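Summary of the model geometry
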Amino acid sequence: MKKTALIFVFIFSIAIVNAQETKPVFEKVKNKVKATYFHDNGAIAQVGYFLDGKLEGEWNMYSPEGKKIAKGNYTQGKKTGKWFFWENAILQEVNFEDSKIANVTKWNSEGTLVFN
C-alpha cells in the first residue's frame, strides 16, 4: 500500500511540474514583450512579441512535435504581409492586408505551383 501511495505521489508531482511548464512565458525585450506559449506536452507552440498590448512583429507557430507550421507578421495587432503555413508537403503563402486575406498561393514540395 505504501509503495502504491508513493508511486501515485511521484506521478502526480511529475504531472504538476509538466502542467506548470505549459504556462506562457513573458519577458521584456527592449520596448516589446516576448511571449512564448507551450503545448500540453511542454513543446513550444508559439513565439512572438507584443507592443502596447497588441501583437507586433514576427510570430512563429509549431506543432506539438516541434515542427514549424506557420510564420507571419503582425502590425498593431493585425496580420500583415506574407504568411507561410506548412502542412505535410504543401506550403501555403497567404498575403494579408489589414488582417484580411488578399491572396493565397499553394506550393508542393518540389516547388511547383499547386493552384492559385
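Here the structure is shown first, and the text comes after it.
Being a predicted model, the structure only gives us computed values, none of them experimental.

What counts and how
- Throughout, residues of each chain are indexed from 1 in the direction in which the sequence is written.
- Confidence filtering applies because this is a predicted model: local features only for residues at pLDDT of at least 70, side-chain atom pairs given and counted only at 80 or more, and all residues used for totals across whole chains, interfaces and linings.
- Only heavy atoms go into the side-chain values, all of them from the structure, while hydrogens and water stay out.
- Here, a strand pair is defined by DSSP locating no fewer than two bridges between the strands.
- Secondary structure elements are defined from DSSP: runs of H or I of at least 4 residues count as helices, runs of E of at least 2 residues count as strands, and each element is numbered from the N terminus.
- Three labels apply to residues, based on accessible area from a 1.4 Å probe with only protein chains included: buried if under 20% of the type maximum, exposed if over 50%, partly exposed otherwise in between.
- Side-chain atoms within 4.5 Å are what join buried Ala, Val, Leu, Ile, Met, Phe, Trp, Tyr and Cys residues into a set we call a nonpolar core.
- Between two residues, a contact is recorded if the distance between any of their heavy atoms is within 4.5 Å.
- When a carboxyl oxygen of Asp or Glu lies within 4 Å of a side-chain nitrogen of Lys or Arg, that pair is called a salt bridge.

1. Section: the pairing of strand β1 (residues 25-29)
Of the pairings in the sheet, the one linking β1 to strand β2 (residues 32-38) comprises five bridges and is antiparallel in character. Opposite K28, over in β2, you have V33 as the bridge partner. Remark: two residues form the turn of the hairpin made by β1 and β2, two consecutive strands paired antiparallel; K30 in that turn has positive phi of roughly 55 degrees.

2. With respect to unusual backbone geometry
Unlike most non-glycine residues, K30 shows phi in positive territory, near 55 degrees. Assignment of secondary structure puts K30 in the loop between β1 and β2. One non-glycine residue with positive phi stands out, namely Q76, at about 50 degrees. Note that Q76 resides in the loop between β5 (68-75) and β6 (78-87). Residue classification places Q76 among the exposed positions, given a relative accessible area of 58%.

3. Comments concerning the nonpolar core
Soluble globular proteins tend to bury their nonpolar side chains together. Counting residues in each nonpolar core, the largest one holds eight residues, listed as A35, W59, M61, A70, Y74, W83, V94 and F96. If you list the elements that add at least two residues to this core, you get β4 (54-62), β5 and β7 (90-97). The residues contacting W59, other than those within four sequence positions of it, are A35, Y37, Q46, V47, G48, Y49, F50, A70, K71, G72 and Y74.

4. Considerations on the pattern of salt bridges
Per the counting criterion, the structure on display carries two salt bridges. Residue K78 pairs with D98 through a salt bridge whose shortest N-O separation is 2.9 Å. Of the two residues, K78 sits in strand β6 while D98 sits in the loop between β7 and β8 (100-107), which places them 20 residues apart along the sequence. Among the residues examined, D98 registers a relative accessible area of 47% and is labelled partly exposed. One salt bridge connects E93 with K82, and the closest N-O pair in it is separated by 2.7 Å. Here E93, found in strand β7, pairs with K82, found in strand β6; they are 11 residues apart in sequence, far enough to count as distant. You can call K82 partly exposed: its relative accessible area is 44%.

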